Amino acid sequence: MTYQASFKCINPACGATYPLNTIVYSCRECQSLLEVQHDTAALARRSPAAWMKLFEERYKSNQWPYGSGVWGKKEWILPQVEDRNVVSVYEGGTNLFWAERFGKIIGLNDLWIKLCGNTHSGSFKDLGMTVLVSQVKQMISEGAPIKAVVCASTGDTSAALATYCAAAGIQSIVLLPRGKISMAQLVQPIANDALVLYLDTDFDGCMRLVREITRDPTLYLANSMNSLRVEGQKTVGIEIVQQFDWETPDVMVIPGGNLGNVSALGKGLLMMKDLGLISKLPRIVVAQAERANPLYRAYLNGFKNFEPMQAQKTLASAIQIGNPVSFEKAVRTLAQFEGIVEQATEEELADAVAMGDRTGMFNCPHTGVALAAMLKLLKAGKIDKSERVVVLSTAHGLKFVEMKVKYHQKELDFPSRYANQPIELPANLDAVKSALDRALETRAKF
Ligand SMILES: *Cc1c(COP(=O)(O)O)cnc(C)c1O
Ligand SMILES: [Zn+2]
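Residues numbered from 1 in each chain as written. Chains lettered and ligands numbered in written order. Predicted model: local features only at pLDDT ≥ 70, side-chain atom pairs only at ≥ 80, totals over all residues. Heavy atoms only, no water.

Structural notes on the site of ligand 1
Ligand 1 sits among 14 residues. The nearest are K125, D156, G257, L259 and T394. In this structure, an oxygen atom belonging to ligand 1 sits 2.7 Å away from a side-chain N or O atom of K125. Here a nitrogen atom of ligand 1 and a side-chain polar atom of T394 are 2.8 Å apart. A total of 380 Å² of accessible area belongs to ligand 1 in isolation, and the protein chains cover 96% of it. Considering only residue class, the shell around ligand 1 consists of 5 nonpolar, 7 polar and 2 charged. (Near = heavy atom within 4 Å. Polar contact = N/O pair within 3.5 Å; in protein donor to acceptor, adjacent residues only side chain to side chain. Areas by Shrake-Rupley, 256 points an atom, 1.4 Å probe, with all protein chains shown as cover. Nonpolar A, V, L, I, M, F, W, Y, C, P; charged D, E, K, R; others polar.)

Structure below.
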């Protein structure tokens, strides 16, 4: 059985289509975003039970590349790419962590954290980048004159792009906002031999330049306005449902910046519903940092108008975006999933990170935004304590240790309620014993 997919314009009044090996990022007729459209009728010829069985057989198997969480669902993602052109580091298949202790503390017994950051380059961006770079390798093998793949980034897209390009032997170029990403995020593309341009601007400024330079078709664009990335990222929702033995949770909470990921989450879940694997959809919550909250502002006015904003500096640096490329797709997703948008202040997100960490997580600040938003909605009664809730953790905390260090050293603009500080003392037994006696006595119970 062969399956077909192509790009389709998301504007219903247009609907132009393009083969997937066309170098095109937005509609040539009407400039709208594109999305990958699958042949649902062909996919529906296989029963829901047969799809579930196939996905389970492949899951984390040694059958390359189908053991990858993305490529295990290849027919739903990028059916036409040849296996020999797949560039995979076995992304996906990440743990769905039962946050038992955190949940008990906040009064939510069925809370789960999808650890998308426990992956090769440390963020969910791997899920999408494997698809995009595989398609590039396919096009190069067909003779396309692509010299390099380019992205603007808040740090994680560039790390993922550099990884996959290095593995495939394709040149990557990354445009990064100077001083607005973490040290780990800067060194990742440097180590992976990317051409790193470090610019005195913010993400939105880098993005504008990338749009200009990728008018040259030999420089292929890897930002999420390229809908190939969405295809890989959409496996996250499918994988979560699979990890619950094909039962849909009640609520999914996801941090949003450029808003590609929430669109992807929705797309995967809708595909499962269309093909009969699930009948229920979860509610989706998008969590934004208060300092970069254009979607939240639009939500408050019922999406009647959208104003791009100048994003302010936030600890959640990967979502410091004022003009999200996938705004329209995200609004559509929110309409389909009884969507809610919530925001978190710097203090709320940092305390949520630390609270979660105290119960065995190791959160990035964006996961903190999602946890804080979830806490606020639980308090407001918009999430019920009987519900099964999944928070999508988007990156590994090890990429953001600067923020954790500052929090625990109380160097941020607020009190750091859950700070834990090392005790400095001479290396002798008496000093250690008396310090332990004192500390264990006074240590606050959580
Ligand atoms: C990219 C990113 C996000 C935001 O995803 P969007 O698709 O831009 O909304 C959130 N968290 C982390 C860690 C990211 O790298
Ligand atoms: Zn169009």
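Remarks on the confidence of the model for the protein
Parts of the prediction with low pLDDT should not have their coordinates interpreted in detail. On average, the protein scores 97 in pLDDT, and the residues at 70 or more come to 99%. Element-level mean pLDDT values for the protein span from 93 in helix α17 (residues 429-442) up to 99 in strand β13 (residues 389-393). (pLDDT = per-residue confidence, 0-100. Helix = DSSP H or I, 4+ residues; strand = E, 2+ residues; numbered from the N terminus.)

Focus on the coordination of the zinc ion (ligand 2)
All of the protein donors around the zinc ion (ligand 2) are C9 (SG), C14 (SG), C27 (SG) and C30 (SG); their distances to the metal are 2.3 Å. The coordination sphere of the zinc ion (ligand 2) comprises 4 donor atoms, whose angles at the metal cover 96 to 116°; the geometry is tetrahedral. Donor residues for the zinc ion (ligand 2), ordered by position in the chain, follow C-x4-C-x12-C-x2-C. Taken together, the residues C14 in the loop between β1 (5-9) and β2 (17-19) and C27 in the loop between β2 and β3 (34-38) connect sequence positions 13 residues apart. (Donors = N, O, S within 2.8 Å, 3.2 Å for Na, K, Ca; no water. Tetrahedral: all angles 85-135°; square planar, octahedral: opposite > 155°, others 65-115°.)

Focus: the packing of aromatic side chains
Following the criterion strictly, the structure yields 10 aromatic pairs and no others. Between the aromatic rings of F55 and W76, the centroid separation amounts to 5.2 Å while the plane-to-plane angle is 75°, which identifies the pairing as edge-to-face. Here F55, found in helix α2 (residues 48-58), pairs with W76, found in helix α3 (residues 74-77); they are 21 residues apart in sequence, far enough to count as distant. Both residues of the pair, F55 and W76, count as buried. Plain terms: the ring middles of W98 and W112 are 6.0 Å apart, the flat faces sit at 25° to each other, and that makes the pair stacked. One end of the pair, W98, is in strand β4 (residues 96-98); the other, W112, is in strand β5 (residues 111-115), and 14 residues separate them in sequence. The buried category is assigned to W112, whose relative accessible area is 17%. By way of ring pairs, the aromatic residues Y3, W51, F55 and W76 are connected into one cluster. One residue, R46, lies across the ring of W51, its end atom 4.5 Å from the ring centre. Directly above the ring of F55 sits K73, whose terminal nitrogen or CZ lies 5.2 Å from the centroid. (Phe/Tyr/Trp six-rings, centres within 6.5 Å; stacked < 30°, edge-to-face > 60°. Buried < 20%, exposed > 50% of the residue type's maximum accessible area, 1.4 Å probe, protein only. Lys NZ or Arg CZ within 6 Å of the ring centre and 35° of its normal.)

Describing the packing of helix α6 (residues 156-168) against helix α7 (residues 183-191)
Relative orientation of the contacting elements α6 and α7 amounts to 25°, with a least axis distance of 8 Å. When the axis of α6 is compared with that of α7, the two are roughly parallel. Judged by the sense of rotation from one axis to the other, the crossing of α6 with α7 is left-handed. Two secondary-structure elements touch here, α6 through D156, S158, A159 and A162 and α7 through Q185, Q188 and P189. Partitioned by chemical class, the residues of the contact of α6 with α7 number 3 nonpolar, 3 polar and 1 charged. (Axes fitted to C-alpha atoms, helices over the stretch in contact; angles between N-to-C directions. Parallel < 35°, antiparallel > 145°, perpendicular 65-115°, else oblique. Left-handed = near helix turned anticlockwise from the far one by under 90°. Contact = heavy atoms within 4.5 Å.)

As for the sheet that holds β2
With antiparallel pairing, the 3 strands of this open sheet are ordered in space as β2-β1-β3. Lying at the two open borders of the sheet, with one neighbouring strand each, are β2 and β3. The average angle at which neighbouring strand axes cross in this sheet is 35°, direction not considered. One ladder, built from 3 bridges, connects β1 with β2; its direction is antiparallel. Looking at the pairing, F7 lines up with Y18 of β2. (Pairing = 2+ DSSP bridges.)

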